[in-house]
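A look at the structure
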Amino acid sequence: MSRPTVASLLRAATTSLASAGIPDAARDARALLAHAMGVEAARLTLILPDAVDPAAAARFGTLVQRRVARVPVAQLIGRRCFWGRDFIVTADVLDPRPETEVLVAAALEAPFLRVLDLGTGTGCILLTLLAERPAANGLGVDLSPAACDVARRNAQALALNDRAEIRQGDWAAGVSGPFDLIVANPPYIAADEMPGLAPEVRLREPHLALTDGGDGLGAYRAIMAQAPGLLAPGGRLLVEIGPAQGASVAGLMAAAGLDGVAILPDLDGRDRVVAGRAMAANPCR
């Protein structure tokens, strides 16, 4: 019996995934087959006529079945690329999103030496910032012990564990400042919005990282009550938001006493980040 080829496996998997309603079925099929074969996804186009080892074909079949069941690709292959680096992903953490890179880009627009990441999850924000600023060090806090374990594994994998502390905790409770930069991508989906999420998100990602179980602003209220007091003079606070939350979160930030509050858009023009700055020290006092 002849072995299936790369091309035939991709065709069959793409059909199966598309029939199950999976968006970008062809892309997912390539990612899963590359993982099953242990090759780079870009290499598949060069080996389309090649026969696939039965063990790899079996692994691929299992991965496709799980993807049909709406397990996210990042959880199936165990990683997600963010800002050019691979991060370990499990079912215990939010899958890093491309739009979160807007927050990272904004954070990198000004210097910082000490950074606090609230709700760190995979650690992708904190660790990216530290990788891009070799003189900086930081603290990542998450309520979930399992998420903290993932963040520590990512810090180790990126050789940043000497500059990144990961701590289990409830937002900034018990944290001591000052910090030049505080960042957060908190759970901002309102409870009544949860049923409308894609199954991959609603059923497979931790609800703790998705929603506050209320109006979607609970985490921001907690952060605004704690974070401003931890900022160094002139220090910055940047938070990711849902696209309809800009005015509300900006209002909370201004009410917390931060200056220069601004709403930053993502590449699609949707509100994505709210930024503010602590008052600079007055040299006349």
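What counts, and where the lines are drawn
- Residues numbered from 1 in each chain as written.
- Predicted model: local features only at pLDDT ≥ 70, side-chain atom pairs only at ≥ 80, totals over all residues.
- Heavy atoms only, no water.
- 1 Å grid on protein atoms, 1.4 Å probe; cavity = no way out; pocket = protein on both sides within 12 Å on 5 of 7 lines; lining within 4 Å.
- Points joined across faces, edges and corners; volume = space filled by probe spheres on them.
- Helix = DSSP H or I, 4+ residues; strand = E, 2+ residues; numbered from the N terminus.
- Nonpolar A, V, L, I, M, F, W, Y, C, P; charged D, E, K, R; others polar.
- Core = buried A, V, L, I, M, F, W, Y, C linked by side-chain atoms within 4.5 Å.
- Buried < 20%, exposed > 50% of the residue type's maximum accessible area, 1.4 Å probe, protein only.
- Contact = heavy atoms within 4.5 Å.
- Pairing = 2+ DSSP bridges.
- Axes fitted to C-alpha atoms, helices over the stretch in contact; angles between N-to-C directions.
- Polar contact = N/O pair within 3.5 Å; in protein donor to acceptor, adjacent residues only side chain to side chain.

1. Points about the layout of surface pockets
Approximately 1300 Å³ is the volume attributed to the largest pocket. Residue lining of the largest pocket: 48 residues in total, with Arg-80, Asp-95, Pro-96, Arg-97 and Pro-98 positioned closest to the centre. Taken together, the elements giving at least two residues each to the lining of the largest pocket come down to helix H2 (25-37), helix H4 (73-77), strand E1 (79-82) and helix H8 (199-202). Residue classes in the lining of the largest pocket are distributed as 23 nonpolar, five polar and 20 charged. As for the second largest pocket, its lining consists of 30 residues, and the residues nearest its centre are Gly-119, Asp-142, Asn-185, Leu-208 and Ala-209.

2. Digging into the nonpolar core
Core analysis: the biggest nonpolar cluster contains 32 residues, and Leu-116, Leu-118, Val-175, Ile-182, Leu-237, Val-239 and Val-249 have the highest contact counts within it. Of all the secondary structure elements, the ones that give two or more residues to this core are strand E3 (114-118), strand E4 (137-142), strand E6 (179-184), helix H9 (218-226), strand E7 (231-240) and helix H10 (246-255). Ranked by the residues each element gives to this core, the list is headed by H9, at four residues. Excluding residues that lie within four positions of it along the chain, Val-249 makes contacts with Leu-217, Tyr-220, Met-224, Val-239, Ile-241 and Val-274. Judged by nonpolar contacts, the second largest core, of 28 residues, contains Val-102, Leu-129, Leu-130 and Ala-151.

3. What to know about the sheet that holds E3
In space, the seven strands of this open sheet follow the order E5-E4-E3-E6-E7-E9-E8, with mixed pairing throughout. With one partner strand each, in any of the chains shown, strand E5 (164-168) and strand E8 (259-265) form the two edges of the open sheet. Going from strand to strand, the sheet's axes swing by 15° on average, the running direction of each strand aside. Each of E3, E6 and E7 touches H9; the most contacted strand, E7, lies at about 175° to it.

4. Quick look at the side chain of Glu-240
Tracing the backbone through its elements, the reader meets Glu-240 in strand E7. Since its relative accessible area comes to 2%, Glu-240 is described here as buried. Within the structure, Glu-240 has its side chain in polar contact with the side chain of Asn-185 (distance 3.5 Å). Engagement of the side chain of Glu-240 in a polar contact is seen with the side chain of Tyr-188, the distance being 3.5 Å. Setting aside its immediate chain neighbours within four residues, Glu-240 contacts Glu-99, Thr-100, Leu-103, Ala-184, Asn-185, Pro-186, Tyr-188, Tyr-220, Arg-272 and Val-273.

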